[in-house]
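Architecture at a glance
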Amino acid sequence: MQVVETVPALRAARAALDGRVGLVTTMGALHAGHLALVEQARAENDAVLVTIFVNPTQFAPHEDLSKYPRDLPRDLAMLEAASVDLVFTPVPQVMYPPGFQTVVEVTEISQGLEGEHRPGHFQGVATVVAKLFNLAQADRAYFGQKDAQQAAVIRTMARDLNFPLEVIICPTVRESDGLAMSSRNVYLTPEQRRAAPVLYRALQAAGKAYADGERRPDSLQQCVLDVLTTEPLAQIEYVSVCDARTLQNSTTTGDMPLLVSMAVKIGLTRLIDNCLLPNELNTRDGLTDLLGGVASIPHI
Ligand code: AMP
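Read on for an overview of the structure. Only a predicted model underlies this, so the values are computations on that prediction, with no experimental measurement involved. (Residues numbered from 1 in each chain as written. Predicted model: local features only at pLDDT ≥ 70, side-chain atom pairs only at ≥ 80, totals over all residues. Heavy atoms only, no water.)

Examining the packing of helix H1 (residues 7-15) against helix H6 (residues 121-136)
Applied cut-off: All axes are obtained by fitting lines to C-alpha atoms, using only the stretch in contact for helices, and the reported angles, taken between N-to-C directions, cover 0 to 180 degrees. Going along the chain from the N terminus, every DSSP run of H or I of four or more residues is numbered as a helix, and every run of E of two or more is numbered as a strand. These descriptions rest on fixed angle ranges, namely under 35 degrees for roughly parallel, over 145 for roughly antiparallel, 65 to 115 for roughly perpendicular, and the rest for oblique. The contact criterion used throughout is that any non-hydrogen atoms of two residues lie within 4.5 Å. Residue polarity is assigned by list, with Asp, Glu, Lys and Arg as charged and Ala, Val, Leu, Ile, Met, Phe, Trp, Tyr, Cys and Pro as nonpolar; anything else, Gly included, falls into the polar class.
Orientation of H1 relative to H6, taken along the N-to-C sense of each, is 50°, at an axis distance of 9 Å. It follows from the interaxial angle that H1 and H6 lie oblique. In this structure, H1 contributes Val7, Leu10, Arg11 and Arg14 to the contact, and H6 contributes Asn134, Leu135 and Ala136. Its residues assigned to classes, the contact of H1 with H6 comprises four nonpolar, one polar and two charged.

Topic: the site of the ligand
Operational definition: Proximity is defined per residue: any heavy atom of the residue falling within 4 Å of a molecule or strand makes that residue near it. In protein, a polar contact means a hydrogen-donor-capable atom and an acceptor-capable atom, both N or O and within 3.5 Å, with residues adjacent in sequence counting only if both atoms are side-chain atoms; elsewhere, any N or O pair within 3.5 Å suffices. Using the Shrake-Rupley algorithm and a 1.4 Å probe, accessible areas are obtained, with residue cover drawn only from the displayed protein chains.
The ligand sits among 17 residues. The nearest are Met27, His34, Asp147, Val173 and Met181. Here Met27 contributes a backbone N or O atom positioned 2.9 Å from an oxygen atom of the ligand. Between the ligand and Met181 there is a distance of 2.8 Å, counted from a nitrogen atom to a backbone nitrogen or oxygen. When the ligand is considered free in solution it has 480 Å² of accessible area, and contact with the protein chains removes 93% of it. Of all elements in the fold, only strand E2 (21-26), helix H2 (32-44) and strand E5 (140-144) reach the threshold of two or more residues within the shell around the ligand. Among the elements that make up the shell around the ligand, the one with the highest residue count is H2 (three residues). For the shell around the ligand, the class distribution of residues is seven nonpolar, eight polar and two charged.

Okay, here's the thing in structure tokens:
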């Protein structure tokens, strides 16, 4: 496994990779969710390139950039064990040298949900991922359902800007009690950690209501709220039930696939989680078809 830190070194090492290249972009502090993306990339490509970069432009001033967990030696050991070929670990000055002034804005699908609660976040994400796509020259890029709106934003950007690669979305990997794996879970105290699976239980309640025939978005949203409000440590930021293709609110009760998503603070830690309904869609192919997929663009 080769580890490179500069753009010229990355370009040279990338040029030396043979065959199809799969890309996984991360902010490090790796866990089994990241490794599932790496494994999928390994299985579907000849070579795997992973990037580790805590991107400052996607954090708002009050967010956790300075305390975001970092452990490069541990991350590299995990990637080596997962048979990764090439790792790019730039410092911020490599990605944003003096004079840097270009941004990528994906207008509609970035609004609402996380975009509404984290202004500027998706502009930071889209810009850095566009740069990483240009640097990696990959054939396929793998993203996690855990950040469903992010995946939809990147899918839309890749299509709109004609990036010659396939964006693939992989299911959320969870702890045994259902908590979605996240680098931020290390912030939780033991008491908060015990409270955190309430997000998953709330998604399950919506899934059960859906399986029992409930289709009204506001009723499904209420199922989620009913579970979340049983947990005194949970401070709800939003709970949304929207059209999984467009991420727009839907008042109709047709049989279109739905994305149930939420952001909940437990103490100072902001957790997000989501699922598609029906539950059978929470697979690589179901997610990849729907989130920001071609189906979301009515004129195609
Ligand atoms: P991050 O390091 O948090 O920026 O995440 C890097 C990639 O891993 C993104 O595509 C995330 O959506 C994905 N990811 C993070 N957590 C999980 C998880 N629990 N399951 C699947 N993918 C994940």
